[in-house]
Amino acid sequence: VTPTDIPFNDAYRYMDWLLTVPLLLVEIILVMKLSPEDAQGKSMTLGSAAALMIILGYPGELVTSGGLGKRWVFWAAAMLPFGYIVQTLMSGLSSATEAERDPNIRDLIKMAQTATVISWCTYPIVYLFPMLGLEGGGVVVGIQLGYSVSDIISKCGVGCIVYSITMAKTAAEAK
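So, here is what we can say about the structure in this document. Quick caveat: nothing in here was measured; it's all calculated off a predicted structure.

This paragraph deals with the environment of Pro 124. Here Pro 124 shows up in helix α6 (residues 122–127). Taking C-alpha positions, Pro 124 is 9.5 Å from Gly 57, a pair spaced 67 residues apart along the chain.

Within this structure, the stated rule accounts for 7 salt bridges. Between Asp 16 and Lys 155 there is a salt bridge, and its shortest N-O distance comes to 2.2 Å. Of this pair, Asp 16 sits in helix α1 (residues 11–30) while Lys 155 is found in helix α7 (residues 136–174), placing the two residues 139 residues apart along the sequence. Here the salt bridges share partners, and the residues they tie into one network are Asp 10, Arg 13 and Asp 151.

All right, on to the nonpolar core then. Membership of the largest hydrophobic core comes to 44 residues, with the highest contact counts inside it found for Met 53, Ile 85, Trp 120, Tyr 147 and Ile 165. Those elements that place two or more of their residues in this core are α1, α2 (36–61), α3 (69–92), α5 (103–120), α6 and α7. Beyond its immediate stretch of four places on either side in the chain, Met 53 contacts Val 21, Ala 78, Pro 81, Phe 82, Ile 85 and Trp 120.

Summed over the entire model, instances satisfying the criterion amount to 0 disulfides. Not part of a disulfide, Cys 121 finds its nearest cysteine sulfur in Cys 156, a span of 19 Å. A disulfide-free cysteine, Cys 160 has its sulfur positioned 6.7 Å from the sulfur of Cys 156, the nearest such atom. With relative accessibility at 52%, the residue Cys 160 sits in the exposed group.

Another point: the packing of aromatic side chains. In total, this model carries 6 aromatic pairs according to the counting rule given. When the ring of Tyr 123 is compared with that of Tyr 147, the centres are 6.1 Å apart and the planes differ by 25°; the resulting orientation is stacked. Residue Tyr 123 is located in helix α6, and its partner Tyr 147 is located in helix α7; the two are separated by 24 residues in the primary sequence. On the basis of relative accessibility, which here comes to 1%, the residue Tyr 147 falls in the buried class. Just above the ring of Tyr 127 sits the side chain of Arg 71; from NZ or CZ to the centre is 4.3 Å.

All right, on to the packing of α1 against α2 then. Viewed as axis vectors pointing N to C, α1 and α2 meet at an angle of 160°, and their least axial separation amounts to 9 Å. The pairing of α1 with α2 is recorded here as roughly antiparallel in orientation. Crossing angle aside, the handedness with which α1 passes α2 is right-handed. Here the contact of α1 with α2 is built from residues that sort into 17 nonpolar, 3 polar and 2 charged.

Cut-offs applied
- Residues numbered from 1 in each chain as written.
- Predicted model: local features only at pLDDT ≥ 70, side-chain atom pairs only at ≥ 80, totals over all residues.
- Heavy atoms only, no water.
- Helix = DSSP H or I, 4+ residues; strand = E, 2+ residues; numbered from the N terminus.
- Salt bridge = Lys/Arg side-chain N within 4 Å of Asp/Glu carboxyl O.
- Core = buried A, V, L, I, M, F, W, Y, C linked by side-chain atoms within 4.5 Å.
- Buried < 20%, exposed > 50% of the residue type's maximum accessible area, 1.4 Å probe, protein only.
- Contact = heavy atoms within 4.5 Å.
- Disulfide = S-S within 2.5 Å.
- Phe/Tyr/Trp six-rings, centres within 6.5 Å; stacked < 30°, edge-to-face > 60°.
- Lys NZ or Arg CZ within 6 Å of the ring centre and 35° of its normal.
- Axes fitted to C-alpha atoms, helices over the stretch in contact; angles between N-to-C directions.
- Parallel < 35°, antiparallel > 145°, perpendicular 65-115°, else oblique.
- Left-handed = near helix turned anticlockwise from the far one by under 90°.
- Nonpolar A, V, L, I, M, F, W, Y, C, P; charged D, E, K, R; others polar.

Following this line, the structure appears as structure tokens:
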């Protein structure tokens, strides 16, 4: 295999994220103690913020060398909805999290929120690889490996936690 230094087409990854990231946030919302109206509202705002974050980040992803100023601009723009999502997960939904009577389920919801935020913090770091001096084929490989590891942690890891929440709620309702 001969390295080409041609960036990987991240359009596929970004299209995947455009679908899966809002859905992951909706899954977390749906296992919380929210009224149907509040769940719908939070799902729409968080889902829209997630989509906006991804859409804003993609143009910068196309720049991996040369003048990286454009990449910085799109990174900063995508960090605005990212910050909103993090703030909402960690404090904006705290009353809904605390409304859960079962301490085991409440702890699992907190774990899902925290795991989402921690795992998502890896994506902006990977995005920065070209700005941190990685170049050529090494930056392309680093970005792809970084995003793949981040995806496994955030999708599979958080997905398993959400599954545990739904199983715990199902068991509690069956009693």
